[in-house]
Amino acid sequence: MSVLSFSGIVFVVSAVAGLLGSLTGLGGGVVITPVLTLLLGVDLHYAMGASLVSVIATSSGAAAAYVREGYSNIRVGMFLEIATTLGAVAGAHLMAVIPPSGLSFIFGAVLVYSAWLMLRQGTSRVDAPHDPLADRLVLNGEYPGPEGTIHYCVRRVKAGFSLMFGAGLISGLLGIGSGAMKVIAMDEIMRIPFKVSTTTSNFMIGVTAAASAGIYLSRGYIAPPLVMPVMLGVLGGSLAGARRLPGASTRPLQLLFAAVVGLLAIEMIIRGIRGSF
């Protein structure tokens, strides 16, 4: 395969991943890394390095639009970023000591758990009690709905903050924005509406990825010829997704999320067990 053909394929794949990442809060990297390694034969570490840069591109492309439209909760995002950035730096250092087969297995396991939690979104649940800490930190917010402004209250702030350290750790370890874990923590634990969770996740993932990207760069895992088509494709896809989200239905996005990451997770786990990376 010629360099031009390879770059074109990477660009198309990245655009689709960016669209999906923008709509679901994944950040695109959770799709790009398995596709680059499983379908295109890219070394896992270089795929994760390109994924990190794509995550920053996704956040830059979609976050501004979401903030302008009133979906992202900036105060929640900045508060939770304290935990995710610390976790991301720790995860990036761990990445260097864990073999590729181990990283692949961990990647697959995280995706399986994320897909399972997202499938549960349709089940009934008892709402958490009011959290005074959310009032003190002014985290409660509102977002535009089809019939006017919708107000919501943030719950279980401490639990959500703790989980965000784990999300940052996974981000640095696997070279993803860990948007899946951020969305789950905000939607499932903190009871933030799904569209607000995904848009706030997009706002956060760029900072999380930037915290660990420097470590990947210092270890030589960010290759410009691979990063360029990935970054351009994800940026275009994320901007397209930002325009589609306001009219999108929540449940189909959740099902799409679960289907895509579930299929990729199975293959990543199999590769990790076989040690074929």
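This text follows the structure it describes.
Here we summarise the structure given alongside this text. Predicted model, so just to flag it, every value in this text is computed and none were measured. (Residues numbered from 1 in each chain as written. Predicted model: local features only at pLDDT ≥ 70, side-chain atom pairs only at ≥ 80, totals over all residues. Heavy atoms only, no water.)

Examining the overall build of the protein chain
The secondary structure content of the protein chain amounts to 11 helices and two strands. For the protein chain, the sequential pattern of α-helices and β-strands runs α-α-α-α-α-α-β-β-α-α-α-α-α. Looking at the protein chain as a whole, 53% of its 277 residues qualify as buried. When contacts within the protein chain are restricted to residue pairs at least 6 apart in sequence, those whose partners lie at least 24 apart make up 82%. Per element, the accessible surface of the protein chain, about 11,400 Å² overall, is 68% carbon and sulfur. (Helix = DSSP H or I, 4+ residues; strand = E, 2+ residues; numbered from the N terminus. Buried < 20%, exposed > 50% of the residue type's maximum accessible area, 1.4 Å probe, protein only. Contact = heavy atoms within 4.5 Å. Areas by Shrake-Rupley, 256 points an atom, 1.4 Å probe, with all protein chains shown as cover.)

Things to note about the packing of aromatic side chains
Two numbers describe a pair of aromatic rings. These are the distance of the centres and the angle of the planes. If you walk through the whole model with that rule in mind, you get four aromatic pairs. Ring centres 5.9 Å apart and planes at 85 degrees place the aromatic pair Tyr46 and Tyr221 in the edge-to-face group. Here Tyr46, found in helix α3 (residues 44-69), pairs with Tyr221, found in the loop between α9 (194-218) and α10 (224-244); they are 175 residues apart in sequence, far enough to count as distant. By relative accessible area, Tyr46 is classed as partly exposed at 34%. (Phe/Tyr/Trp six-rings, centres within 6.5 Å; stacked < 30°, edge-to-face > 60°.)

Considering the pairing of strand β2 (residues 148-152)
Where strand β1 (residues 141-145) lies against β2, five bridges are found, and the strand directions are antiparallel. Its bridge partner being in β2, Gly141 is matched across the sheet by Tyr152. Hairpin connection between β1 and β2: a loop of two residues separates the two successive antiparallel strands. (Pairing = 2+ DSSP bridges.)

Overview of helix α4 (residues 74-95)
End to end, α4 covers 30 Å across 22 residues, agreeing with the expected 32 Å (1.5 Å per residue, within 8%). Where α4 bends most, at Glu81, the angle is about 35 degrees. Buried within α4 we find Val76, Gly77, Leu80, Glu81, Ala83, Thr84, Gly87, Ala88, Gly91, Ala92 and Met95. (Expected span 1.5 Å × (residues − 1). Bend = angle between axes of the 7 residues up to and from the residue.)

What to know about the environment of Pro225
Tracing the sequence through the fold places Pro225 in helix α10. According to the relative accessible area criterion, Pro225 is exposed, its value standing at 66%. Each C-alpha atom of the pair Pro225 and Val3 lies 9.2 Å from the other, and the pair is 222 residues apart in sequence.

Focus: the nonpolar core
Membership of the largest hydrophobic core comes to 44 residues, with the highest contact counts inside it found for Leu36, Leu174, Tyr216 and Val230. Looking at which element gives the most residues to this core, the answer is α3, with seven residues. Look past the residues within four positions of Leu36 in its chain and what remains in contact with it is Val10, Gly41, Val42, Ala47, Leu226 and Val230. (Core = buried A, V, L, I, M, F, W, Y, C linked by side-chain atoms within 4.5 Å.)

Concerning unusual backbone geometry
The phi dihedral of Arg156 is positive, around 40 degrees, even though this residue is not glycine. Along the chain, the position of Arg156 falls in the loop between β2 and α7 (157-174). Positive phi is not limited to glycine here, since Arg191 has a value of about 60 degrees. Here Arg191 lies in the loop between α8 (179-189) and α9. Look at Arg191 and you get buried, because its relative accessible area is 13%.

Things to note about a nonpolar patch on the surface
A cluster of nonpolar side chains, contributed by Phe11, Val12, Val16, Met228 and Leu232, occupies part of the molecular surface with about 460 Å² of accessible area. Counting only elements with at least two residues in the nonpolar patch, the list comes to α1 (3-24) and α10. Among the elements that make up the nonpolar patch, the one with the highest residue count is α1 (three residues). Mapped onto the elements, Val12 comes out in helix α1. (Patch = residues over 30% accessible without salt bridge, like charges linked within 9 Å, V, L, I, M, F, W, Y side chains within 5 Å. Salt bridge = Lys/Arg side-chain N within 4 Å of Asp/Glu carboxyl O.)

Concerning the packing of α4 against α7
Contact geometry for α4 and α7: axes closest at 6 Å, N-to-C directions at 30 degrees. Relative to α7, the element α4 lies roughly parallel. Here α4 runs over α7; the crossing is right-handed. Classifying every residue of the contact of α4 with α7 by side-chain character gives 16 nonpolar, six polar and no charged. (Axes fitted to C-alpha atoms, helices over the stretch in contact; angles between N-to-C directions. Parallel < 35°, antiparallel > 145°, perpendicular 65-115°, else oblique. Left-handed = near helix turned anticlockwise from the far one by under 90°. Nonpolar A, V, L, I, M, F, W, Y, C, P; charged D, E, K, R; others polar.)

Examining the packing of α7 against α9
When two helices pack together, their arrangement is captured by the angle between the axes and the distance separating the axes. One way to put it is that α7 packs onto α9 with a least axis distance of 9 Å and a crossing angle of 45 degrees. By the criterion of interaxial angle, the relationship of α7 to α9 is oblique. Considering only the axes of α7 and α9, their crossing is right-handed. Judged by residue contacts, Met164, Gly168, Ser171, Gly172, Leu173 and Leu174 of α7 engage Met204, Thr208, Ala209, Ser212 and Tyr216 from α9. Residue composition of the contact of α7 with α9, by class: six nonpolar, five polar and no charged.

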